[in-house]
Amino acid sequence: MEEMEEELKCPVCGSFYREPIILPCSHNLCQACARNILVQTPESESPQSRRASGSAVSDYDYLDLDKMSLYSEADSGYGSYGGFASAPTTPCQKSPNGVRVFPPAAPPPPASLAPPPPPRNACLTCPQCHRSLVLDERGLRGFPRNRLLEGVIDRYQQGRAAALRCQLCEKAPKEAAVMCEQCDVFYCDPCRLRCHPPRGPLAKHRLVPPAQGRVSRRLSPRKISTCTDHELENHSMYCVQCKSPVCYQCLEEGKHSSHEVKALGAMWKLHKSQLSQALNGLSDRAKEAKEFLVQLRNMVQQIQENSVEFEACLVAQCDALIDALNRRKAQLLSRVNKEHEHKLKVVRDQISHCTVKLRQTTGLMEYCLEVIKENDPSGFLQISDALIRRVHLTEDQWGKGTLTPRMTTDFDLNLDNAPLLQSIHQLDFVQMKVPAPPILQLEECCTHNNSATLSWKQPPLSTVQVEGYILELDDGNGGQFREVYVGKETMCTVDGLHFNSTYSARVKAFNKTGVSPYSKTLVLQTSEDTQSEEQTLPFPVPLERSQLRRMSPFSSTLNLQPSFPGRSYFELRSSAHQLSLHSSLQSLNSAGCNFETQGTPYSQLVDIKKMVAVAWFSFDPSSAHADIIFSNDNLTVTCNSYDDRVVLGKTGFSKGLHYWELSIDRYDNHPDPAFGVARIDVLKDAMLGKDDKAWAMYVDNNRSWFMHNNSHTNRTEGGITKGATVGVLLDLTRRTLTFSINEDQQGPVAFENLEGLFFPAVSLNRNVQVTLHTGLPVPEFYASRSAMQ
């Protein structure tokens, strides 16, 4: 019952409805609140005239009250104010529910002094739906009284165990002291003195204690709803067209005379039944909402538990790192101590050695001085030669590095902590979860000639990082699915589908942790295009889906290889004829496209193995170096730098036999362009083949070399000039790469044992311009050699 209380409160005053009236928009208002927000405008400024003239003037330009209810003796004193003579000069107030309520203006001037007022239209704006309603001459009495709502409020208030509260207190209603039987309002003492003074017409009202007033309200018979047009008549029939109860006079002489009417009791039972049925559905939604709230609360608890567990794990991991750092610190300090002890030992040994040597030298010097003092020439000459030799020998001993320190005071240790600091700064959480399966966006799918465009997205609440997507199609024969696109885009176009064939498509996402489950499988059926204009067929599955909107084809860097096993990324086209096909996404029956789950058997599929698979692609601006210049629909490239820059093709190959050519459009100043294949992460600012991510042949005007990982092999005679054609043949069945110039094979097989995903690649500078030619058959020299093998 507590949840129902908001339904029983007026949106203007925020209190329980008092004398509620029903607006044409089906919302309710207290009659007094309706008077307070009533707006009167000159006839030329009515909402209809303003809408017709395009004026944006507010509905609250001029204020007035309902003249039909200003001086009613039944008014209890609240909400009855004098009329407004002009636009208010004070700002509007707000009700507890945020609805604008205009305060009363000053009393109007005497009639003798006031100019004659222009004709006015009374307007009322619903505070809930903001719909402007124009009142007729009856004013607010033209709106029916909602006595049913009054009865619900009475039962609700009677069922509340709390003490009766004043109905006029603006904040924190006080306990009611009296109830006015005529006004049917509970007052506290301050509100009674202010709003229900014992004078004038209010002196005749009978005030009773609140408990007695509750009993009398419960025992008083509920008034029967009467017709708003004929106040003395009760409702007896129901107008189906106006959807409102009417009396018999309305049927005889009123505006409902020509309308379809039904018995009031029968319509009452019918609408009660309809409301009960609607409540059943709403009850189910409310039950689901409660279960959902329980799930959310469980999620809150689980999040808190996971947070505590994760924090503990994080603290443990960081502590382990700190422990490892402390252990390493101890090891490094031990090395420093050893170096310290070694230096001290060397220096101390040298000090001890020099001390002994200096003592010996000092003794020799003192002895020689004493010998010089002797006056015996013969005795001096007998020992002088020996003493001189000893002095020179001792002097020589001091001059052989003896006075040079054997150890420096500096420690020859330099701790390189930059990598560790960088690792600490890069320390972050890694993605530990597999992505959720993608969702195919049916409204984004479309058809265009011989291609089908597919679009997908991740679930809205998925927070797991996705690094790319894998699109798979079967071979049109109900066989094994094959990857036709791998990348980060969420839309792709599959070209070259055969007409009157059926294909199945599915997509999955991946990241460093793993690969998501597959999306639902979409069954595509192609049909022959017999019309010249493009067609977009309505997408099938749910009936409430709107028709597919036309979209421009996405980058055709993919696609299908129906007759070759393995993983290949290229389109299918007929080498004999460029067939005019039209793909349409439709189902295998009249209902439209069909979703299949994994494991469900497919319908009979059409064989398309007679088609010849060749690769059609162009250069890829998104992965190229910024200095590369593209033209001719990305088939011709050059460079604005004198340094070598690398550009890749849009298509990657991992299986099959593929051949393409590059024609030399410009060749100035003897540059050295290189042609070949490379990984997606090859260096873009160096000559092709300088790293281990590329296999290339670079040529000048006389010779050519094969190069990989900056290693040159097999120099051959024959260079290129303007107009020459360089051919690249990638045979991933034999895992070889072969080059040709002007259809002459350059040396033996250039590279062998190639495995993985390879992209066509070229490196050039501003002196070279080349044009790419794809979709070519295998050259004769290689085809004949293959036939011999």
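Residues numbered from 1 in each chain as written. Predicted model: local features only at pLDDT ≥ 70, side-chain atom pairs only at ≥ 80, totals over all residues. Heavy atoms only, no water.

Attention now goes to the overall build of the protein. In terms of helices and strands, the protein carries 10 helices and 35 strands. Counting across all 789 residues of the protein, residues that qualify as buried make up 39%. Working note: accessible area of the protein is about 45,900 Å², and carbon and sulfur atoms make up 53% of it. (Helix = DSSP H or I, 4+ residues; strand = E, 2+ residues; numbered from the N terminus. Buried < 20%, exposed > 50% of the residue type's maximum accessible area, 1.4 Å probe, protein only. Areas by Shrake-Rupley, 256 points an atom, 1.4 Å probe, with all protein chains shown as cover.)

Moving on, we get to the pairing of strand β25 (residues 645-648). Alternating positions in β25 separate into two faces, Arg645 and Val647 on one and Val646 and Leu648 on the other, with burial throughout. Relative to strand β34 (residues 759-764), β25 is paired through four bridges, and the arrangement is antiparallel. Across the sheet, residue Leu648 finds its bridge partner in β34, namely Ala761. (Pairing = 2+ DSSP bridges.)

What follows concerns the pairing of strand β30 (residues 711-717). Sheet topology places strand β29 (residues 703-708) next to β30; five bridges connect them, and they run antiparallel. Within β30, the residue paired with Arg703 across the bridge is Glu717. The loop that links β29 with its antiparallel partner β30 comprises two residues; one of these, Asn709, has a positive phi angle of about 55°.

With that settled, the discussion passes to the state of the cysteines. A complete count under the given rule lists zero disulfides for this structure. Cysteine Cys188 is unpaired, with the sulfur of Cys191 as its nearest cysteine sulfur at 3.5 Å. (Disulfide = S-S within 2.5 Å.)

Now for the environment of Asn753. Residue placement: Asn753 occurs in the loop between β33 (744-745) and β34. Look at Asn753 and you get exposed, because its relative accessible area is 58%. Sequence separation between Asn753 and Thr736 is 17 residues; the distance between their C-alpha atoms is 6.4 Å.

Attention shifts here to the sheet that holds strand β31 (residues 725-731). Across the sheet, seven strands lie side by side as β23-β24-β35-β26-β31-β32-β33; this open sheet has antiparallel pairing. On the outer flanks of this sheet lie β23 (628-631) and β33, each paired with one strand and no other. As judged from the two bridges shared by strand β24 (residues 636-639) and strand β35 (residues 768-773), these two strands associate in the antiparallel manner. Bridge assignment links Val637 to a residue of β35, and that residue is Val770.

As a further point, take the sheet that holds strand β8 (residues 178-180). Strand order in the open sheet made by the three strands is β9-β8-β10, with antiparallel pairing throughout. In this open sheet, the two strands that pair with only one neighbour each are β9 (185-187) and β10 (207-208). As paired strands, β8 and β9 are joined by three bridges and run antiparallel to one another. Across the sheet, residue Met179 finds its bridge partner in β9, namely Phe186.

A word on unusual backbone geometry. One non-glycine residue, Ala172, lies in the positive phi region at around 45°. Counting through the fold element by element, Ala172 comes out in the loop between α3 (147-159) and β8. In this structure, Asn710 is a non-glycine residue whose phi angle is positive, near 65°. Tracing the chain through its elements places Asn710 in the loop between β29 and β30.

This part covers the nonpolar core. Buried together is how nonpolar side chains tend to be arranged in soluble globular proteins. Core analysis: the largest hydrophobic core is formed by 37 residues, its most contacted members being Trp660, Leu662, Phe675, Leu730, Leu737 and Val770. For this core, the secondary structure elements donating two or more residues are β24, β26 (657-667), β27 (674-678), β28 (694-699), β31, β32 (736-741), β34 and β35. No other element matches β26, which puts four residues into this core. Excluding residues within four positions of it along the chain, Leu737 makes contact with Val677, Trp695, Val728, Leu729, Leu730, Val749, Ala750, Phe751 and Leu754. If you look at the next biggest cluster of nonpolar residues, it comprises 25 residues, including Val12, Cys33, Leu124 and Phe143. (Core = buried A, V, L, I, M, F, W, Y, C linked by side-chain atoms within 4.5 Å. Contact = heavy atoms within 4.5 Å.)

It is worth spelling out the packing of helix α7 (residues 264-373) against helix α8 (residues 377-398) at this point. Running from N to C, α7 and α8 point in directions that differ by 155°, and their axes come no closer than 11 Å. The orientation of α7 relative to α8 falls into the category roughly antiparallel. In this structure, the crossing between α7 and α8 has a hand that is left-handed. Between α7 and α8, the residues in contact are Cys354, Lys357, Leu358, Thr361, Leu364, Tyr367, Cys368, Val371 and Ile372 and Phe380, Ile383, Leu387, Arg390, Val391, Thr394, Gln397 and Trp398, respectively. Looking at the contact of α7 with α8, its residues break down into 12 nonpolar, three polar and two charged. (Axes fitted to C-alpha atoms, helices over the stretch in contact; angles between N-to-C directions. Parallel < 35°, antiparallel > 145°, perpendicular 65-115°, else oblique. Left-handed = near helix turned anticlockwise from the far one by under 90°. Nonpolar A, V, L, I, M, F, W, Y, C, P; charged D, E, K, R; others polar.)

What follows is about the packing of aromatic side chains. Scanning the entire structure with this criterion turns up eight aromatic pairs. Aromatic side chains Phe706 and Phe739 sit 5.8 Å apart centroid to centroid with 25° between the ring planes, which places their arrangement in the stacked category. In this pair, Phe706 is assigned in strand β29 and Phe739 in strand β32, connecting sequence segments 33 residues apart. Of the two residues, Phe706 and Phe739, both sit in the buried class. (Phe/Tyr/Trp six-rings, centres within 6.5 Å; stacked < 30°, edge-to-face > 60°.)

Together, Phe292, Leu293, Leu296, Met299 and Ile303 give the surface a local cluster of nonpolar side chains, amounting to about 440 Å² of exposed area. Mapped onto the elements, Phe292 comes out in helix α7. (Patch = residues over 30% accessible without salt bridge, like charges linked within 9 Å, V, L, I, M, F, W, Y side chains within 5 Å. Salt bridge = Lys/Arg side-chain N within 4 Å of Asp/Glu carboxyl O.)

Moving on, we get to the pattern of salt bridges. With the rule as written, the count across this model stands at 17 salt bridges. Here Arg666 and Asp668 are joined by a salt bridge, their closest N and O atoms 3.8 Å apart. Assessed through its relative accessible area of 25%, Arg666 is described here as partly exposed. Its salt-bridge partner being Arg734, residue Asp731 comes within 3.0 Å of it at the nearest N-O pair. The class for Asp731 is buried, based on a relative accessible area of 2%. Residue Arg734 is classed as partly exposed on the basis of its relative accessible area of 39%. Connected via shared salt-bridge partners are Glu472, Arg506 and Lys508.

Okay, α7 next. Taking 1.5 Å per residue as the helical rise, α7 with its 110 residues ought to reach 164 Å, and the 156 Å between its terminal C-alpha atoms agrees with that figure. Where α7 is buried, its residues meet β11 (237-239), β13 (261-263) and α8. (Expected span 1.5 Å × (residues − 1).)

Another aspect to go through is the confidence of the model for the protein. In the predicted model, the protein carries a mean pLDDT of 75, and 72% of its residues have values of at least 70. Considering only residues more than four positions removed or in separate chains, one finds that residues 47-94, a stretch of pLDDT under 50, has 111 contacts. Long-range and interchain partners of residues 528-613, a stretch whose pLDDT sits below 50, account for 223 contacts in this model, where long-range means more than four residues apart. (pLDDT = per-residue confidence, 0-100.)

Among the secondary structure elements, Gln350 is positioned in helix α7. Its relative accessible area of 10% is what places Gln350 among the buried residues. Considering only alpha carbons, one finds Gln350 and Leu403, 53 residues apart in sequence, at a separation of 9.4 Å. Beyond its immediate chain neighbours, meaning those up to four positions away, Gln350 contacts Thr402, Thr404, Pro405 and Arg406. From its side chain, Gln350 meets the backbone nitrogen of Arg406 in a polar contact 2.8 Å long. (Polar contact = N/O pair within 3.5 Å; in protein donor to acceptor, adjacent residues only side chain to side chain.)

This part takes up the side chain of His196. Along the chain, His196 turns up in the loop between α4 (189-195) and β10. His196 sits in the buried class, given a relative accessible area of 3%. Only 3.2 Å separates the side chain of His196 from the side chain of His205, close enough to count as a polar contact.

What follows is about the environment of Ser257. Within the secondary structure, Ser257 sits in the loop between α6 (248-253) and β13. Overall, the relative accessible area of 45% leaves Ser257 in the partly exposed class. Sequence spacing of Ser257 and Cys239 is 18 residues, and the spatial spacing of their C-alpha atoms is 9.7 Å. Contact partners of Ser257, with chain neighbours within four places excluded, come to Cys250, Leu251 and Glu252.

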